Amino acid sequence: MSDDPRPDLNCRENVERFVDCFYQRLLADEQLAPIFLDVARIDLQVHLPLIKSYWCKLLLGENAYRRHTMNIHRQLHARRSLGSADFERWLNLFCDTLDRSFTGPYSQKARRIAGAIAANMQQGLSI
Ligand code: HEM
């Protein structure tokens, strides 16, 4: 038995806590915060529940999220071009937030999926 006190992303409550921690970091980040706050001007009350549902779908098989993420980033990229340094930073913050507070097979899966989708997105945007 492991005595690591960090939980896994194996239920909605933990996925929601992870997304809240990740966005605290994203929105305090000099490089990425302006993209969310000044370019997309996200409404956190709307955006965070979408992101939480997205990760609950990918990790837990929930069905609530049904939007076209690639198109949303394509539109964003047209307004403010995203570069590989932005994706690298996004992924570093994602993985570092995971490492600090979560561990286990679902956390590993989140890391793998995030890396694969980030790579896919960059390819789709010709970055
Ligand atoms: C450079 C890296 C990234 C940046 C700067 C970024 C930025 C953003 C911004 C600003 C929005 C809000 C767009 C809007 O509402 O108009 C958004 C939405 C979203 N992003 Fe990203 N993103 C990045 C990478 C990723 C990756 C790799 C994933 C998935 C693994 C992802 C998943 C999502 C999802 C699920 C949404 C919500 C879309 C919706 O409204 O349904 N993003 N992103």
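Relevant structure appears above.
Summary of the structure given here. Because the structure is predicted, anything quoted here is derived from the model rather than measured.

Further remarks concern the overall build of the protein. When helices and strands are tallied, the protein shows six helices and zero strands. Moving toward the C terminus, one meets the helices and strands of the protein in the order α-α-α-α-α-α. Relative to the compact-globule value of 14 Å for 127 residues, the protein shows a C-alpha radius of gyration of 15 Å, a close match. Taking the principal axes of the C-alpha coordinates as reference, the protein spans close to 50 × 30 × 30 Å. Carbon and sulfur atoms provide 49% of the accessible area of the protein, an area that totals close to 7600 Å². Charge separation in the protein, taken as the distance between the mean sites of 17 positive and 15 negative side-chain charges, equals 7 Å.

What follows deals with the environment of H47. Take H47: it is sitting in helix 3 (residues 44-60). Assessed through its relative accessible area of 17%, H47 is described here as buried. Those residues in contact with H47, other than ones at most four positions away along the chain, are Y23, F36 and I42.

Once that is clear, we can look at the nonpolar core. Counting residues in each nonpolar core, the largest one holds 32 residues, and the members touching the most others are L9, F18, V19, Y23, W55 and F94. Apart from residues lying up to four places away in sequence, F94 is in contact with F18, F22, W55, A110, R111 and A114.

This part is about the coordination of the iron atom of the ligand. There is one protein donor for the iron atom of the ligand, and it is H73 (NE2), at 2.0 Å. Along the chain, H73 turns up in helix 4 (residues 69-79).

Right, let's talk about the site of the ligand for a bit. Within the structure, the ligand sits among 22 residues, and F36, Y65, R67, I72 and H73 are positioned closest to it. Measuring from an oxygen atom of the ligand, one finds a side-chain N or O atom of Y65 at 2.6 Å. One of the side-chain N or O atoms of H73 is found 2.8 Å from a nitrogen atom in the ligand. Put simply, the parts of the chain that give the shell around the ligand at least two residues each are helix 2 (33-39), helix 3, helix 4, helix 5 (84-101) and helix 6 (105-124). Considering each element in turn, the shell around the ligand owes the most residues, five residues, to helix 3. Considered class by class, the residues forming the shell around the ligand number 17 nonpolar, three polar and two charged.

What follows covers the environment of D96. Relative to the assigned elements, D96 resides in helix 5. Taking the C-alpha atoms as reference points, D96 and E13, 83 residues apart in sequence, are found 19 Å from one another.

This next bit is on the side chain of D86. Structurally, the position occupied by D86 is in helix 5. Owing to a relative accessible area of 10%, D86 belongs among the buried residues under this scheme. When residues no more than four places from it in sequence are discounted, the contact partners of D86 are Q31, L32, I35, R80 and S81.

About the criteria used
Residues numbered from 1 in each chain as written. Predicted model: local features only at pLDDT ≥ 70, side-chain atom pairs only at ≥ 80, totals over all residues. Heavy atoms only, no water. Helix = DSSP H or I, 4+ residues; strand = E, 2+ residues; numbered from the N terminus. Rg over C-alpha atoms; globule rule 2.2 N^0.38 Å. Areas by Shrake-Rupley, 256 points an atom, 1.4 Å probe, with all protein chains shown as cover. Lys, Arg positive; Asp, Glu negative; His and termini not counted. Charge placed at Lys NZ, Arg CZ, Asp CG, Glu CD. Buried < 20%, exposed > 50% of the residue type's maximum accessible area, 1.4 Å probe, protein only. Contact = heavy atoms within 4.5 Å. Core = buried A, V, L, I, M, F, W, Y, C linked by side-chain atoms within 4.5 Å. Donors = N, O, S within 2.8 Å, 3.2 Å for Na, K, Ca; no water. Near = heavy atom within 4 Å. Polar contact = N/O pair within 3.5 Å; in protein donor to acceptor, adjacent residues only side chain to side chain. Nonpolar A, V, L, I, M, F, W, Y, C, P; charged D, E, K, R; others polar.

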